[in-house]
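Structural characterization, general
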Amino acid sequence: MERRTIGAAALEVGAIGLGCMPMSWAYSTSEQSGEESLRAVHAALDRGMTLLDTADMYGPFTNELLIGRVLKERREDAFLSTKCGLLVGEQHIVANGRPGYVKRACDASLRRLQTDRIDLYQLHRVDPEVPVEETWGAMSELVTEGKVRALGFCAVGARADHRNRDPATGIHATTIRQLERVQGVFPVSGVQAELAVWSREALEALLPWCISHGVGFMAAMPLGNGYLSGALTPGGGFEEDDMRARHPRFTAEMMAANQPVVAGLRRVAERHGEATPAQVALAWLLAQGRQVIPVPGTKKERWVVENGAAADLTLTPADMAELGALPAARGSWE
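Criteria and cut-off values
- Residues numbered from 1 in each chain as written.
- Predicted model: local features only at pLDDT ≥ 70, side-chain atom pairs only at ≥ 80, totals over all residues.
- Heavy atoms only, no water.
- Helix = DSSP H or I, 4+ residues; strand = E, 2+ residues; numbered from the N terminus.
- Rg over C-alpha atoms; globule rule 2.2 N^0.38 Å.
- Buried < 20%, exposed > 50% of the residue type's maximum accessible area, 1.4 Å probe, protein only.
- Contact = heavy atoms within 4.5 Å.
- Pairing = 2+ DSSP bridges.
- Axes fitted to C-alpha atoms, helices over the stretch in contact; angles between N-to-C directions.
- Phe/Tyr/Trp six-rings, centres within 6.5 Å; stacked < 30°, edge-to-face > 60°.
- Salt bridge = Lys/Arg side-chain N within 4 Å of Asp/Glu carboxyl O.
- Right-handed = clockwise from strand over helix to strand, strands pointing away.
- Expected span 1.5 Å × (residues − 1).
- Disulfide = S-S within 2.5 Å.

1. Notes on the overall build of the protein
A tally of regular secondary structure across the protein gives 11 helices and 12 strands. Scaling as 2.2 N^0.38, a compact globule of 334 residues should have a C-alpha radius of gyration of about 20 Å, and the protein matches this with 19 Å. Across the 334 residues of the protein, 55% fall into the buried class. Considering only intrachain contacts with a sequence separation of at least 6, the fraction spanning at least 24 residues in the protein is 77%.

Okay, structure coming up:
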């Protein structure tokens, strides 16, 4: 698979990564299987999808434990990305950016992941009670100590309040200001934010910021939480513990309203033989620039194989124009 570079540290990864969250967090628990997930991770590494993206909050903790079982056998095959800064309670999630906590969280992640180093350690969310420079400073000390190779920053995604869109920097105005602040403390190597054919806000200013600073961009939710694969049926419903059951894009009404996006992906896919809508959506992201690394999440081997094949799909200028003209996602807040 084509290799791409994660920012300031010039770390190479496969052009398409693997989001590990669905294996143990946020999606239907009845469909989660540790053994099936392990097969999916091995399949990704076999195909050069080296970036494994997890976080301590996924589970919480169980996702890192799962990935640790693979890393114990194949650490040199993987580029490990995990995150800190969010604490999960029974009914809530809160940010914690205190330096002491960050360092303890890193040590705990290393134990669960059965490794002595994290390739990219990401700040999941900024703690509003702690200056971001203090949090980032503690993370930079982990690099000095050899526990972490590079630092990344997760942006608040497209669910931010669109009414507060900044004319110059869009919905990512706050994130860009924070990035400028931490960049003065220690180089940012990667930024992770939502970017997909139906959610293109990051193209306004966030991706250009990354390009101008030589920072890698990891495209989160590149398949729209599964919707852009075309495999979800409007009105089909979700299990109660599935986050999409409460997501404004996944009401029956909105899933039906967003069908033109899937139809557009299918039209382009049909022009490329056996290509699928998901592969077209990923190829569109790869074409946004060599800084972009899509990180589709899945827990099934067959979807890993399909997603990885998108790296071999080349879209034409006509394809890109048609995809760029597709409507943005609609949600029930509208």
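2. A closer look at the sheet that holds strand β10 (residues 190-194)
Pairing between sheet strands relies on hydrogen bonds along the backbone, with the strands arranged either parallel or antiparallel. Strand order across the open sheet formed by eight strands is β3-β4-β5-β8-β9-β10-β11-β12, with parallel pairing between neighbours. Taken across any chain shown, the strands that pair with only one partner, and hence form the sheet edges, are β3 (18-19) and β12 (292-294). Direction of pairing for β10 relative to strand β11 (residues 216-220): parallel, over a ladder of five bridges. Looking across to β11, one finds that Val191 is bridged to Phe217. Relative to the sheet, helix α9 (residues 277-286) contacts β11 and β12, its axis offset from that of β12 by approximately 160°.

3. Some details on the packing of aromatic side chains
In total, this model carries four aromatic pairs according to the counting rule given. Aromatic pair Trp136 and Phe153: ring centres 5.9 Å apart, planes at 55°, arrangement tilted. Linking Trp136 in helix α4 (residues 132-144) with Phe153 in strand β9 (residues 148-154), this pair joins segments that are 17 residues apart in sequence. Of the two residues, Trp136 and Phe153, neither departs from the other in class, the shared state being buried.

4. Looking at the environment of Leu203
Mapping Leu203 onto the fold places it in the loop between β10 and α6 (206-213). Note on Leu203: relative accessible area 27%, which makes it partly exposed. Once residues lying within four places of it in the same chain are set aside, the contact partners of Leu203 are Leu195, Pro208, Trp284 and Gln288.

5. Side note on the pattern of salt bridges
Across all of its chains, the model carries 23 salt bridges by this definition. The partner of Glu12 in a salt bridge is Arg3, with the nearest N and O atoms 3.7 Å apart. With a closest N to O distance of 2.9 Å, Glu194 and Arg249 form a salt bridge. Separated by 55 residues along the polypeptide, Glu194 in strand β10 and Arg249 in the loop between β11 and α7 (252-257) bring together distant segments of the chain. Exposure remark for Glu194: the relative accessible area of 4% places this residue in the buried category.

6. Considering the pairing of strand β5 (residues 79-84)
The side chains of a regular strand alternate between both faces of the sheet. Buried residues dominate β5, accounting for six of its six residues. Here β5 shows two buried faces, one formed by Phe79, Ser81 and Lys83 and the other by Leu80, Thr82 and Cys84. Here three bridges tie strand β4 (residues 51-53) to β5, and the two strands are oriented parallel to one another. In the strand pairing of β5, Asp53 is matched with Ser81. Handedness of the crossover joining β4 and β5 through helix α2 (residues 62-74): right-handed.

7. Examining α4
For α4, with 13 residues, the first-to-last C-alpha span of 19 Å sits near the 18 Å given by 1.5 Å per residue. Those residues of α4 that sit buried are Val132, Thr135, Trp136, Gly137, Ala138, Met139, Ser140, Leu142 and Val143. Packing partners of the buried residues in α4 comprise α3 (99-113), β8 (118-123), β9 and α5 (173-183). Just downstream of α4 lies Gly146, where phi reads positive at about 85°.

8. Comments concerning the state of the cysteines
All told, the structure shown has zero disulfides when counted by the stated rule. No disulfide involves Cys20; its sulfur sits 14 Å from the nearest other cysteine sulfur, which is in Cys154. Under the relative-accessibility criterion, Cys20 is labelled buried at 0%. Of all cysteine sulfurs in the structure, the one in Cys84 sits closest to Cys106, which takes part in no disulfide; the separation is 7.7 Å. The class of Cys106 is buried, set by a relative accessible area of 0%.

9. Some words on the environment of Gly97
Locating Gly97 in the fold gives a position in the loop between β7 (93-95) and α3. Among the residues examined, Gly97 registers a relative accessible area of 0% and is labelled buried. Each C-alpha atom, one on Gly97 and one on Leu86, is 8.2 Å from the other, the two residues being 11 residues apart in sequence. Not counting the four nearest positions on each side in its chain, Gly97 is found in contact with Val102, Asp127, Val130 and Thr135.

10. Let's talk about the side chain of Ser109
Structurally, Ser109 can be placed in helix α3. If sequence neighbours within four positions are ignored, Ser109 has contacts with Asp56, Glu64, Thr82 and Ile118.

The quantities given are spatial measurements derived from coordinates; they are silent on function.
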